[in-house]
Amino acid sequence: MTDRFDVVIVGAGHGGAQAAIALRQRKFEGTMAVIGDEPELPYERPPLSKDYLAGDKAFERLLIRPASFWADRQVAMLPGRRVSAVDPITRQLSVQGGKAIGYGTLIWATGGRPRRLSCSGHDLAGVHSVRTRADIDRLLAELPQVTRVVVIGGGYIGLEAAAVLTKFSKQVTVLEAQNRVLARVAGPALSRFYEAEHRAHGVDIRLGANVACIEERDGAACGVRLADNEVLPCEMVIAGIGIVPAVEPLIAAGAEGGNGVAVDSLCRTSLPDVWAIGDCAAHPNPYADGATLRLESVQNANDQATTVAKALTGVAEPYDAVPWFWSNQYDLKLQTVGLSLGHDREVVRGDPASRAFTVAYYRGPRLVALDCVNTMKDYVQGRALVAARAEIDPAALADAAVPLKELATAGIATPLS
Ligand code: FAD
């Protein structure tokens, strides 16, 4: 006998949890299961490179909901199980080491696995990734024996980890292959600011640095060799070089996609009654002029989950949420709204030297994103401008003495249709 549920959610992370929550909030009364390959109930991932790594937050405080919440709402939580195959004809999921599970509707919310280094030594002891609670617990267990850490990848996760490790008085080097950190997600002004901040905290930031291999001693990492043959001795390596979306079972089942599973504006895949959300979903995004992309943020996972829950309960509203994201490094709180990709102009509002400033991104005359560093007010007041992709005079915006909400009433443009 196969267990069968009206809705099966694969992936017990942010998107999977929110899909179950939103379905019950919307009075969906069918049977529901959430299958996850991690042993824990759904938990918040962002603190892994922040408070949890720093030891400032116990794991129990990361749980998205307590166990009783799921039991009360009759959501069957099935942790520690990996779905290895999907049969879209019989609507059955193969579960590694367990019984097959049938579904009426499938919501795929599997996020991604950390991209592995491709060089030799990538699998040595002492080489870590930062994606799951288990990753952080392993890293923390080794940390007392570690003096020097090399972080490979100058994206948000690598930089957040570097910031925390300096608090533990570790000697930290960050290697970034591009000529600036955060190159994939932000403009040069923000990159230069964070490079300077990390250097001021003693982090050795190396730009244009290409890794040749991880050096080994007694089966463990003992250094990172660069392409120019310089060796950076260390006892720990952290690879923060992005994720590979976990979509193989769906693609093998015939779903369209590649870098993520392709979904439409309602988050439907090309397979019948199969939906996908969160980091693994390649979707058309209105804030990128409809271009297909994957977003890796809690906001996107939660809002796509809600889009699907609505559609499954009779309200088919295309996904149209304003993208937002945050990052904490040292005492700096960055809040980002909109998508800066493809911007052709950046305007700095305020003085980065004051450690409270905003970078505004334009595509043509329109404001498409804001990176707000310790400027919560700009973030709160600027959201509406970005949501409307307003035409704002860049000179007016650069004047930090004028609140953004005043620009909103003065110069907001007709929202894009
Ligand atoms: P996830 O939360 O990753 O959940 C997917 C789950 O599915 C995982 O548990 C995975 O193990 C499981 N799974 C995968 N394959 C299978 C399978 N075949 N069978 C069963 N289960 C499977 N975002 C922000 O907005 N702000 C931040 O500050 C921020 N910081 C971050 C810091 C770190 C260290 C990390 C790793 C991410 C951070 N993010 C942040 C990104 C954010 O956490 C993700 O965008 C979000 O978790 C995506 O949710 P998801 O549901 O798509 O995937």
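Just above sits the structure.
This text gives an overview of the structure that appears in the document. (Residues numbered from 1 in each chain as written. Predicted model: local features only at pLDDT ≥ 70, side-chain atom pairs only at ≥ 80, totals over all residues. Heavy atoms only, no water.)

A few words on the side chain of E197. If you trace the backbone, E197 turns up in helix 6 (residues 188-200). Among the residues examined, E197 registers a relative accessible area of 9% and is labelled buried. Those residues in contact with E197 that lie beyond four places of it in its chain are Y330, L332 and R355. (Helix = DSSP H or I, 4+ residues; strand = E, 2+ residues; numbered from the N terminus. Buried < 20%, exposed > 50% of the residue type's maximum accessible area, 1.4 Å probe, protein only. Contact = heavy atoms within 4.5 Å.)

Around the ligand there are 32 residues in total, and D37, E38, K50, R131 and D279 lie nearest to it. Take H14: an N or O atom from its main chain is 3.3 Å from an oxygen atom of the ligand. Contact between the ligand and R45: an oxygen atom at 3.0 Å from a side-chain N or O atom of the residue. For the ligand, whose free accessible area comes to 990 Å², the fraction covered by protein is 96%. Taken together, the elements giving at least two residues each to the shell around the ligand come down to helix 1 (14-25), helix 8 (298-312) and strand 22 (324-329). Grouping the constituent residues of the shell around the ligand by class yields 13 nonpolar, ten polar and nine charged. (Near = heavy atom within 4 Å. Polar contact = N/O pair within 3.5 Å; in protein donor to acceptor, adjacent residues only side chain to side chain. Areas by Shrake-Rupley, 256 points an atom, 1.4 Å probe, with all protein chains shown as cover. Nonpolar A, V, L, I, M, F, W, Y, C, P; charged D, E, K, R; others polar.)

Moving on: unusual backbone geometry. Negative phi values dominate among residues other than glycine, just as trans dominates among peptide bonds. The phi dihedral of L182 is positive, around 55°, even though this residue is not glycine. Here L182 is to be found in the loop between strand 10 (171-176) and helix 6. One non-glycine residue, R355, adopts positive backbone phi at about 65°. With respect to the element layout, R355 can be found in the loop between strand 24 (345-349) and strand 25 (357-363).

This model, assessed by the stated rule, comprises seven aromatic pairs. Consider the rings of F193 and Y194, whose centres lie 5.3 Å apart with planes at 80°: the pair is edge-to-face. Taken individually, F193 and Y194 each receive the classification buried, so the pair is uniform in this respect. In textbook terms, an aromatic cluster arises when at least three aromatic residues are bridged by ring pairs, as seen for Y43, Y52 and F59. Stacked on the ring of Y287, the Lys or Arg R389 has its end atom at 4.3 Å from the ring centre. (Phe/Tyr/Trp six-rings, centres within 6.5 Å; stacked < 30°, edge-to-face > 60°. Lys NZ or Arg CZ within 6 Å of the ring centre and 35° of its normal.)

Ordered in space as 8-15-9-10-11, the five strands form an open sheet in which the pairing is parallel. Only two strands of the sheet have a single neighbouring strand rather than two, namely strand 8 (127-128) and strand 11 (204-207). Bridge count for strand 9 (residues 148-152) against strand 10 is five bridges, and the pairing is parallel. Paired with V151 across the strands is V174, a residue of strand 10. (Pairing = 2+ DSSP bridges.)

Our focus in this paragraph is helix 4 (residues 133-142). Every buried residue of helix 4 is listed here: D135, I136 and L139. Down the axis of helix 4, the buried side of the element spans an arc of 90°, and every buried residue falls inside it. Summarising the contacts, the buried residues of helix 4 are in contact with helix 2 (51-54), strand 8 and strand 15 (236-239). (Arc of directions from axis to C-beta.)

Examined against the element boundaries, S191 turns out to sit in helix 6. Sequence separation between S191 and G154 is 37 residues, and the spatial gap between their C-alpha atoms is 9.5 Å. When sequence neighbours within four positions are dropped, the list of residues in contact with S191 reads R180, V181 and L182.

Once that is clear, we can look at the pattern of salt bridges. Under the counting rule described, the total for this entry stands at 23 salt bridges. The closest approach of N and O atoms between E215 and R225, which form a salt bridge, is 2.7 Å. Residue E215 is found in strand 12 (residues 211-217), and its partner R225 is found in strand 13 (residues 220-226); the two are separated by ten residues along the sequence. Classification of E215 as partly exposed rests on a relative accessible area of 21%. With relative accessibility at 24%, the residue R225 sits in the partly exposed group. Residue D331 pairs with R355 through a salt bridge whose shortest N-O separation is 2.7 Å. Taken as a pair, D331 in the loop between strand 22 and strand 23 (332-338) and R355 in the loop between strand 24 and strand 25 lie far apart in primary sequence, 24 residues in all. A relative accessible area of 24% means that R355 is categorised as partly exposed. Each of E40, R133 and D137 takes part in salt bridges that share partners, so that together they form one network. (Salt bridge = Lys/Arg side-chain N within 4 Å of Asp/Glu carboxyl O.)

These figures capture arrangement, not role.
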